[in-house]
Amino acid sequence: MSTEHQDPAAAAHPATETFLAHRNLLFTVAYEMLGSAADAEDVLQETWLRWATVDLDAVRDRRAYLVRITTRQALTRLRTLGRRKESYVGSWLPEPLLTSPDVAEDVELADSVSMAMLLVLETLTPTERAVFVLRDVFDLGYDEIAEAVDKSSATVRQIAHRARAHVAARRPRGIVSPAETRSALDAFRRAVETGDLQGLIDILAPDVVLVGDGGGVKQAVLRPIVGADKVARVLTAGLGRVAGAASLQSVQVNGHPALILRLDGELDSVVAVRIEEGLVTGLYAVRNPQKLSHMERETALRR
């Protein structure tokens with residue numbers, strides 16, 4: 001049964017109503033655990049199939065029960081994804097999502113789904129990632145999380161402490177105001193569009209990192225490039241070759257300002273931007289066509 005296009009008669013069923021009421025939350029849980037919208041959608045389908053067989057009268061907290069099913073399914077898939085990433089061509093980046101303004105307004109949610117944070121979460125073990133997401137992002141109780149990951153509450157507390165320290169040491173350094181972000185992004189965009197090498201170097205942090213993801217299908221830098229001068233030259237050279245056909249559009253991706261690059265009107269790349277202290281510190285360019293399907297319409301995320 002599709003989880004997106006329900007028939008009106010089926011929508012009256014309590015199981016369906018409950019699932020649809022929490023669908024966006026469940027998708028967000030799965031996406032934050034997996035970094036892949038396509039896999040998160042598959043997890044939701046599997047969650048629905050299991051939920052449809054549950055005796056609702058025996059369920060005390062339906063939201064918690066659904067989150068538990070989703071977490072278990074996502075953990076299983078996360079381990080499979082780990083093996084898939086080992087043979088991935090070049091750098092692997094999370095699948096970008098075109099998000100609505102309300103995601104950006106929830107600062108904690110936007111921070112948790114940013115490309116930079118999702119890459120930090122990639123450095124956790126599957127169980128650490130699940131515990132961190134459920135505790136620090138969705139504020140679930142330790143007992144609820146323990147049921148979801150099949151550990152004791154005491155063990156979950158230890159895992160949460162360890163994961164929190166790991167993330168704190170690697171996460172972006174601070175929250176930037178929307179005005180500061182827009183100003184830096186506008187300066188970056190102008191420099192790119194005009195081929196202004198010095199202007200580009202000026203808006204890039206000295207230790208800026210450019211990561212590209214072509215998935216072996218589209219050309220992209222195979223390993224991260226570090227340093228303002230190197231990154232600026234790669235960007236101006238690459239865009240210089242397609243200048244007549246290229247256009248840049250400002251959008252909200254994963255709750256943060258980003259750029260879409262179109263070639264002859266067709267979506268080519270999504271560039272998520274990390275900005276700190278008025279300078280661009282991270283550029284995440286996704287070109288793999290299989291990862292761009294969720295850029296055609298906004299995705300609703302919820303906590």
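Because the structure is a prediction, the values reported are computed rather than measured. (Residues numbered from 1 in each chain as written. Predicted model: local features only at pLDDT ≥ 70, side-chain atom pairs only at ≥ 80, totals over all residues. Heavy atoms only, no water.)

**Some points on the overall build of the protein chain**
So, point 1. Within the protein chain one finds 13 helices and six strands.
So, point 2. Since a compact globule built from 303 residues should have a radius of gyration of about 19 Å, the 20 Å found for the protein chain is in line with a globular shape.
So, point 3. For the C-alpha atoms alone, the extent of the protein chain along its principal axes is close to 65 × 45 × 40 Å.
So, point 4. Sequence separation of at least 24 residues holds for 67% of the intrachain contacts in the protein chain that already meet a minimum separation of 6.
So, point 5. With an accessible surface of roughly 14200 Å², the protein chain has 50% of that area assigned to carbon and sulfur atoms. (Helix = DSSP H or I, 4+ residues; strand = E, 2+ residues; numbered from the N terminus. Rg over C-alpha atoms; globule rule 2.2 N^0.38 Å. Contact = heavy atoms within 4.5 Å. Areas by Shrake-Rupley, 256 points an atom, 1.4 Å probe, with all protein chains shown as cover.)

**Observations concerning the sheet that holds strand S4 (residues 256-263)**
So, point 1. Spatially, the six strands line up as an open sheet ordered S2-S1-S6-S5-S4-S3, and their pairing is mixed. Every other strand in the sheet has two partners, leaving strand S2 (225-226) and strand S3 (246-253) as the edge strands with one partner each.
So, point 2. Where strand S1 (residues 204-213) and strand S6 (residues 279-286) come together, six bridges link them in parallel fashion. Bridging across to S6, Asp213 finds its partner in Val286.
So, point 3. Along the sheet, helix H11 (residues 178-194) contacts S1, S3, S4, strand S5 (266-276) and S6; its crossing angle with S4, the most-contacted strand, is approximately 20 degrees.
So, point 4. Each of S1, S2, S4 and S6 touches helix H13 (residues 228-240); the most contacted strand, S1, lies at about 45 degrees to it. (Pairing = 2+ DSSP bridges. Axes fitted to C-alpha atoms, helices over the stretch in contact; angles between N-to-C directions.)

**Description of the confidence of the model for the protein chain**
Caution is warranted with low-pLDDT regions, since their predicted coordinates should not be read in detail.
So, point 1. Overall, the predicted model of the protein chain reaches an average pLDDT of 91, with 95% of residues at or above 70.
So, point 2. The secondary structure element of the protein chain with the lowest average pLDDT is helix H1 (residues 8-11), at 45, and the one with the highest is S2, at 98.
So, point 3. Confidence drops under a pLDDT of 50 for residues 5-11, and excluding neighbours within four residues, the segment shows seven contacts in the predicted structure. (pLDDT = per-residue confidence, 0-100.)

**Describing the packing of aromatic side chains**
So, point 1. As enumerated under the stated definition, the model contains three aromatic pairs in all.
So, point 2. Summarising the aromatic geometry, the rings of Phe19 and Trp48 are spaced 5.4 Å apart at their centres and angled 65 degrees between planes, so their arrangement reads as edge-to-face. With Phe19 in helix H2 (residues 14-34) and Trp48 in helix H3 (residues 37-51), this residue pair connects regions lying 29 residues apart in the sequence. The exposure classification of Phe19 matches that of Trp48, with both residues buried.
So, point 3. Here the aromatic rings of Trp51 and Tyr65 are separated by 5.9 Å at their centres, their planes lie at 50 degrees, and the arrangement is tilted. Highlighted residues: Trp51 in helix H3 and Tyr65 in helix H4 (residues 62-86), separated in sequence by 14 residues.
So, point 4. The positively charged end of Lys85 is found above the aromatic ring belonging to Trp92, 4.1 Å away from the centroid.
So, point 5. Residue placement shows Arg135 over the ring face of Tyr142; its charged tip is 4.2 Å from the ring centre. (Phe/Tyr/Trp six-rings, centres within 6.5 Å; stacked < 30°, edge-to-face > 60°. Buried < 20%, exposed > 50% of the residue type's maximum accessible area, 1.4 Å probe, protein only. Lys NZ or Arg CZ within 6 Å of the ring centre and 35° of its normal.)

**Digging into the pattern of salt bridges**
So, point 1. Tallied over the entire structure, the rule returns 21 salt bridges.
So, point 2. The partner of Arg77 in a salt bridge is Glu46, and the shortest N-O contact between them spans 2.7 Å. Separated by 31 residues along the polypeptide, Arg77 in helix H4 and Glu46 in helix H3 bring together distant segments of the chain.
So, point 3. A residue is classified by how much of its surface remains accessible, and Arg77, at 18% relative accessible area, is buried.
So, point 4. Between Lys291 and Asp213 there is a salt bridge, with the nearest N and O atoms lying 2.6 Å from each other. (Salt bridge = Lys/Arg side-chain N within 4 Å of Asp/Glu carboxyl O.)

**Considerations on the pairing of S6**
So, point 1. Where burial is concerned, most of S6 is hidden: seven out of the eight residues are buried.
So, point 2. As defined by bridge partners, S5 adjoins S6 across seven bridges and the pair is classed as antiparallel. In the sheet register, Val270 faces S6, and the bridge partner there is Val286.

**Thoughts on the nonpolar core**
So, point 1. Phe27, Trp51 and Leu121 are the most contacted members of the largest nonpolar core, which totals 54 residues.
So, point 2. Ranked by the residues each element gives to this core, the list is headed by H2, at 10 residues.
So, point 3. Once residues within four sequence positions are removed from consideration, Leu121 is found in contact with Glu32, Arg129, Phe132, Val133 and Val167. (Core = buried A, V, L, I, M, F, W, Y, C linked by side-chain atoms within 4.5 Å.)

**Let's talk about unusual backbone geometry**
So, point 1. In this structure, Asp150 takes a positive phi of about 60 degrees despite not being glycine.
So, point 2. Locating Asp150 in the fold gives a position in the loop between helix H9 (142-149) and helix H10 (153-170).
So, point 3. The class of Asp150 is exposed, set by a relative accessible area of 59%.
So, point 4. Positioned with a positive phi, Asn254 is a non-glycine residue whose angle comes to about 50 degrees.

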